[in-house]
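Spelled out, the chains give:
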Protein chains: 2
Amino acid sequence: MRDPKPEIPAAAVGSRAPDTIETLRAQIDSLDTELVSLLARRREVVERVARVKRENDLPASHPAREEDLISARRVQAAAVGLDPDYIEDLFRTVLRNSRVGQLDTLSRRGVRPGARVLIVGGRGGMGGFFSRWFIQSDYQVRILDREDWDQVEALAAGIDLCLLAVPIDVTPAVAARIAPHLPRECLLADITSLKREPVNAMLSAHAGPVLGLHPLFGPATKTMDRQIVVVSPGRDPRRGQWLLDQLTVWGNVLVRTSPEEHDETMGVVQALRHFATFTFGRFLHARRVPIMRTLELSSPIYRLELVMVGRLFAQDPALYAEIIFATPERVALLKDYLQSLQRNLELLERVDKAEFVDRFREIADWFGPFGEQAMRESSFLVEKLVHRYKDLP
Amino acid sequence: MRDPKPEIPAAAVGSRAPDTIETLRAQIDSLDTELVSLLARRREVVERVARVKRENDLPASHPAREEDLISARRVQAAAVGLDPDYIEDLFRTVLRNSRVGQLDTLSRRGVRPGARVLIVGGRGGMGGFFSRWFIQSDYQVRILDREDWDQVEALAAGIDLCLLAVPIDVTPAVAARIAPHLPRECLLADITSLKREPVNAMLSAHAGPVLGLHPLFGPATKTMDRQIVVVSPGRDPRRGQWLLDQLTVWGNVLVRTSPEEHDETMGVVQALRHFATFTFGRFLHARRVPIMRTLELSSPIYRLELVMVGRLFAQDPALYAEIIFATPERVALLKDYLQSLQRNLELLERVDKAEFVDRFREIADWFGPFGEQAMRESSFLVEKLVHRYKDLP
């Protein structure tokens, strides 16, 4: 803790005594205290805005208003000799905080409060996550987990939504098992990370409305603010609309795709990328590369790359096994990847720099504007990483 | 632009009229204006601190003081009902800005002002970068580039430091060529991304002090604040100390290593990682994976991984060819990597989930505490990435 500050009148500091580190620090502390007080007052006003919006059913955030506010602060910053980027950075943080605050109060609104929701697998990670959100939005939530099948009749009676939150490999079987117990009008939906098989299974087991969902986040997510949910329509989309509206109210961004496109894309997004990372980690292990020492000798960009490898191995292997071996198409894609890598051996055998540069350019051209965008994004992140470490004692 | 705000006395807003979005926004704008004014006053005081420090030759940043300040603000935040993490985040930004400000004024100090520095390759990216920093710190800087060899006698006369800033593959030859012209006491140093060959070449060509350096950053870096420079001693370290002190004053963190350890580690840190990324990008290209569409269907973590791939291809292929094919050992390492990947084919052929899980656990155990650390770091970055996109309209 800091020593108690001596009470020095501001005027005395300015006029008589020369600046000392101590008196200047006391001034900084008092300015900082004032800053936090202002932020608390700001938060109060923001909460009143949220209340007015709630009463008038207005949307939580309005990007145009935010950009406008940022522009005004940038102009002011330049006028008083501060770096506009710095002030923008700061106000982005302030706005983020006020948005989360608004969501706290807004996002609970139920689109169809009182509707009966049965969550199959509701005691698992994602099942529990959705169960909490539905409860907060005044739905009547029931849970069906492995040990509850003897009560399936009672649990499924009169429900409006049956949400399957069970592992990929059992989703089709669970769909077939639950369907005979569902009311005809009940919406049947799943949140599995594959879509073709589960959606087909739901369609053939249930005659009513069907909706395939894939939330691209885990149960540790605090808010759903701008999290992506992939939506693969099954049957009778009009009658699944309220669930999509509910996801939107909770803050999610919905991206529509066919089950086929979804699965093909996820093969690359999830399986291929994770598998490539796995094989890289396996090689580091086989070579017994001294990780911690290499980190000391690393630029932030390598640190960032190695962190992505370490992250994989800090997670549940069963989950990754499930993703990687999910379908025969996926396994074929990964084999193709391993085999295609052998083409790079030739470059190495021949130490062919010119060929390497040619291939590199060809790929760079194909990436097109993504390359430049990736450069900007990764630089932004590297800067965040550098600063994270700078800020440690 | 926002419409001009109506002038509403604050009291009137509070007492009579009910809150409207417009009046509340006007209040937020005035609080925000006040925030920026406070930050400007804070900056003035920080500049006075920098001046006092400069006059008394005190170090720029004092991590303990910063942590202390953060703690005090967290306590205040909790007391006024704000999220302490939010306030910490905000003050980290404020402190970073004030540190950069202090460095602006502090970092120029020359450890040996007036000393004569010859930069070979001084018109290249990194050569130009160091030339600007030496000039700012009141050194007498001379440049020797490709077309200046006819003036080498005059340029090398009486110099205190000869810094080689030329491409890896010519560094040993340039060392041999310049050495006969150097004063006996002159420090000969290089900034190449290999160390064994260049340091050996400098040692055999020059009888005076020799120092190998490898700055882990590019010429686009704005400050050297906490950037890493790897130091591989060559000969007579006492007489190279002033250069290391200068790097420290500029803000760099120095990490010492033998040339051999340096090169082996960089084989993994630079060559292996870049090569793995190259082969991944090559596969995406061969499969014509629709990058932009996969990004729309991606979680932030995949976005982060793909961004690292895109980043590579946005850069200079010749630089990567140089790094990847730098030494025969390095090429052997990369071949070994490609061959070792074939072991993973077996997992896929047999669709052996259990074996996958076993290998995964083994690697995770070997990573040890790094896994958990990587998880924290990557989550921090993913959050930054999500927020970056949240903040766009």
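## Quick word on the overall build of chain A
Assigned secondary structure in chain A consists of 17 helices and seven strands. A burial count over chain A gives 41% of its 393 residues as buried.

## Brief notes about the relation of the copies chain B and chain A
When chain B is brought onto chain A, the operation consists of a screw motion whose angular component is 180° and whose axial shift is 0.0 Å, with 0.1 Å RMSD remaining. Read as a symmetry element, the transformation amounts to a two-fold axis. Comparing interface residues between copies, 99% of those in chain B also lie at the interface in chain A; the contact surface is shared.

## Some details on the environment of H262(B)
All names here are of chain B. Examined against the element boundaries, H262 turns out to sit in helix α10 (residues 259–287). H262 gets classed as buried once you count the C-beta atoms within 10 Å, which come to 24. The sequence separation of H262 and S232 amounts to 30 residues, and the corresponding C-alpha distance is 7.8 Å. Contacts of H262, omitting those with residues within four sequence positions, involve K195, H214, V230, S232 and T257.

## What about the interface of chain B and chain A?
At the interface, 133 residues of chain B touch 132 residues of chain A. With 22 residues, the top contributor of residues to the side of chain B that touches chain A is helix α2 (residues 21–56) of chain B. In terms of residue class, the side of chain B that touches chain A is built from 76 nonpolar, 24 polar and 33 charged.

## Some details on the sheet that holds strand β1 (residues 116–120) of chain B
All names here are of chain B. Spatially, β2-β1-β3-β4-β5-β6-β7 is the arrangement adopted by the seven strands of the open sheet, whose pairing is mixed. The strands lining the two open edges of the sheet, one partner per strand, are β2 (140–144) and β7 (253–256). In this sheet, neighbouring strand axes are inclined to one another by 25° on average, regardless of whether the strands run parallel or antiparallel. Examined bridge by bridge, strand β5 (residues 210–215) and strand β6 (residues 228–235) share six bridges and lie antiparallel to one another. By the bridge assignment for β6, L213 is matched with V231. Relative to strand β3 (residues 161–164), helix α7 (residues 171–178) is tilted by about 155°, and along the sheet it contacts β1, β3 and β4 (187–190).

## Things to note about the pairing of β6(B)
The pairing of β6(B) with β7(B) spans four bridges and is parallel. When the sheet's bridge partners are listed, V229(B) is paired in β7(B) with L254(B).

## Details of helix α5 (residues 125–136) of chain A
Residues and elements named next belong to chain A. Over its twelve residues, α5 extends 17 Å from the first C-alpha to the last, a length consistent with the 16 Å expected when each residue adds 1.5 Å. Along α5, the residues classified as buried are M126, G127, F129, F130, S131 and F134. The inward-facing, buried residues of α5 abut β1 (116–120), β2 (140–144) and β3 (161–164). D138 sits one or two residues past α5 and shows a positive phi near 65°.

## Overview of unusual backbone geometry
All names here are of chain A. Positive phi values are uncommon outside glycine, yet D236 reaches one of about 55°. Relative to the helices and strands, D236 resides in the loop between β6 (228–235) and α9 (241–249). Using a count of 15 C-beta atoms within 10 Å as the deciding quantity, one classes D236 as partly exposed. In this structure, V351 is a non-glycine residue whose phi angle is positive, near 45°. Checked against the element boundaries, V351 lands in the loop between α15 (343–349) and α16 (353–367).

## Remarks on the packing of helix α10 (residues 259–286) of chain A against helix α12 (residues 300–313) of chain A
Helices that pack against each other are described as a pair by the angle of their axes relative to one another and the distance between those axes. Residues and elements named next belong to chain A. Contact geometry of α10 with α12 gives a least axis separation of 9 Å together with a crossing angle of 95°. Classified by the angle between their axes, α10 and α12 sit roughly perpendicular to one another. Residues H274, T277, F278, F280 and G281 of α10 lie in contact with α12, whose contacting residues are M308, V309, L312 and F313. Of the residues in the contact of α10 with α12, the class split is six nonpolar, three polar and no charged.

## Considerations on the nonpolar core
Counting 169 residues, the largest nonpolar core has V120(A), L163(A), V120(B), C162(B) and L163(B) as the members making the most contacts within it. Setting aside its immediate chain neighbours within four residues, V120(A) contacts L144(A), C162(A), L163(A), L164(A), A165(A), V166(A), V174(A) and I178(A). By size, the runner-up hydrophobic cluster in this structure holds 20 residues, among which are V94(A), V36(B), L82(B) and Y86(B).

## Notes on the sheet that holds strand β4 (residues 187–190) of chain A
Residue and element names in this part refer to chain A. The seven strands are arranged β2-β1-β3-β4-β5-β6-β7 in an open sheet whose pairing can be described as mixed. Where the open sheet ends on each side, the last strands, each with one partner, are β2 and β7 (253–256). Averaged over all pairs of adjacent strands, the angle between their axes in this sheet comes to 25°, without regard to strand direction.

Conventions and cut-offs
- Residues numbered from 1 in each chain as written.
- Chains lettered and ligands numbered in written order.
- Predicted model: local features only at pLDDT ≥ 70, side-chain atom pairs only at ≥ 80, totals over all residues.
- Helix = DSSP H or I, 4+ residues; strand = E, 2+ residues; numbered from the N terminus.
- Buried ≥ 20, exposed ≤ 12 C-beta atoms within 10 Å, placed from the backbone.
- Least-squares fit on C-alpha atoms with pLDDT ≥ 70 in both.
- Contact = placed C-beta atoms within 7 Å.
- Nonpolar A, V, L, I, M, F, W, Y, C, P; charged D, E, K, R; others polar.
- Pairing = 2+ DSSP bridges.
- Axes fitted to C-alpha atoms, helices over the stretch in contact; angles between N-to-C directions.
- Expected span 1.5 Å × (residues − 1).
- Parallel < 35°, antiparallel > 145°, perpendicular 65-115°, else oblique.
- Core = buried A, V, L, I, M, F, W, Y, C linked by C-beta atoms within 7 Å.

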